[in-house]
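Below are the chains, spelled out letter by letter.
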Amino acid sequence: SPETTIVVFFDEVNTASCLALFKEVMVDHSFRGNQIAPNIFFAAAINPHMPGTESQELKEGVDPNRPIVNRRVYFVHKLPD
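Every chain is numbered independently, its residues counted from 1 as its sequence is written. pLDDT decides what is reported in this predicted model: residues at 70 or higher carry local features, side-chain atom pairs at 80 or more are listed and counted, and totals for whole chains, interfaces and linings draw on all residues regardless. With hydrogens and water excluded, all non-hydrogen atoms of the structure serve as input to the side-chain values.

Section: the overall build of the protein
In step 1: The way it works is that DSSP assigns letters per residue, a run of H or I at least four long becomes a helix, a run of E at least two long becomes a strand, and they are numbered from the N terminus. Along the backbone of the protein there are two helices and four strands.
In step 2: Starting at the N terminus and walking to the C terminus, you meet the elements of the protein as β-α-β-β-β-α.
In step 3: When burial is assessed residue by residue, the protein has 17% of its 81 residues classed as buried.
In step 4: Throughout, a contact is declared for two residues whenever any of their heavy atoms are within 4.5 Å. For the protein, the proportion of contacts with a sequence separation of at least 24, taken over those separated by at least 6, is 55%.
In step 5: Areas reported here follow the Shrake-Rupley algorithm with a probe of radius 1.4 Å; residue values treat only the protein chains shown as occluding. Accessible surface computed for the protein: about 6,200 Å², of which carbon and sulfur atoms make up 61%. The rule is simple: take the accessible area with a 1.4 Å probe, protein chains only, and divide by the maximum for that residue type; under 20% is buried, over 50% is exposed, in between is partly exposed.

With respect to the pattern of salt bridges
In step 1: The salt bridge definition used is simple: a Lys or Arg side-chain nitrogen within 4 Å of an Asp or Glu carboxyl oxygen. In total, this model carries one salt bridge according to the counting rule given.
In step 2: For the salt bridge of K23 with D28, the shortest nitrogen-to-oxygen distance reads 2.8 Å.

A few points about the side chain of N14
In step 1: Within the secondary structure, N14 is located in the loop between β1 (6-10) and α1 (19-26).
In step 2: With relative accessibility at 1%, the residue N14 sits in the buried group.
In step 3: If near-sequence neighbours (up to four positions away) are discounted, N14 is found in contact with L19, I46, N47, F75, V76, H77 and L79.

Here we look at the packing of aromatic side chains
In step 1: Pairing of aromatic rings covers Phe, Tyr and Trp, the last through its six-membered ring, and needs centres within 6.5 Å; plane angles under 30 degrees mean stacked, over 60 mean edge-to-face, and all others mean tilted. According to the stated counting rule, one finds two aromatic pairs in the structure shown.
In step 2: With a centroid separation of 5.0 Å and 75° between ring planes, the pair formed by F10 and F22 is classed as edge-to-face. Of the two residues, F10 is situated in strand β1 and F22 in helix α1; the sequence distance between them amounts to 12 residues.
In step 3: In this structure F10 comes out as partly exposed when scored by relative accessible area, which is 23%.
In step 4: A residue is classified by how much of its surface remains accessible, and F22, at 15% relative accessible area, is buried.
In step 5: Considering the side-chain rings of F10 and F42, the 5.9 Å spacing of their centres and the 5° angle between planes classify their relative orientation as stacked. Here the residue F10 occupies a position in strand β1, and F42 occupies one in strand β4 (residues 40-44), the gap between them amounting to 32 residues.
In step 6: Chaining the aromatic ring pairs together yields one cluster made of F10, F22 and F42.

If you want it as structure tokens, here you go:
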């Protein structure tokens, strides 16, 4: 119902490949051009961006023989200021 407040939480937003979608939902408060109801709120968590890690990972590649705890299998995207 419109009187109910709904909070949607997104985790690890800046590891996703669809940052434009998160921007539309969280900043423009719309989804695919349709306005989202005013009783729906969004919160998100991000991972710290560490400059230079992307290029190093691209050079090394993902080694399936390395233990999974030491293997980075996603990129942390730098968000706009």
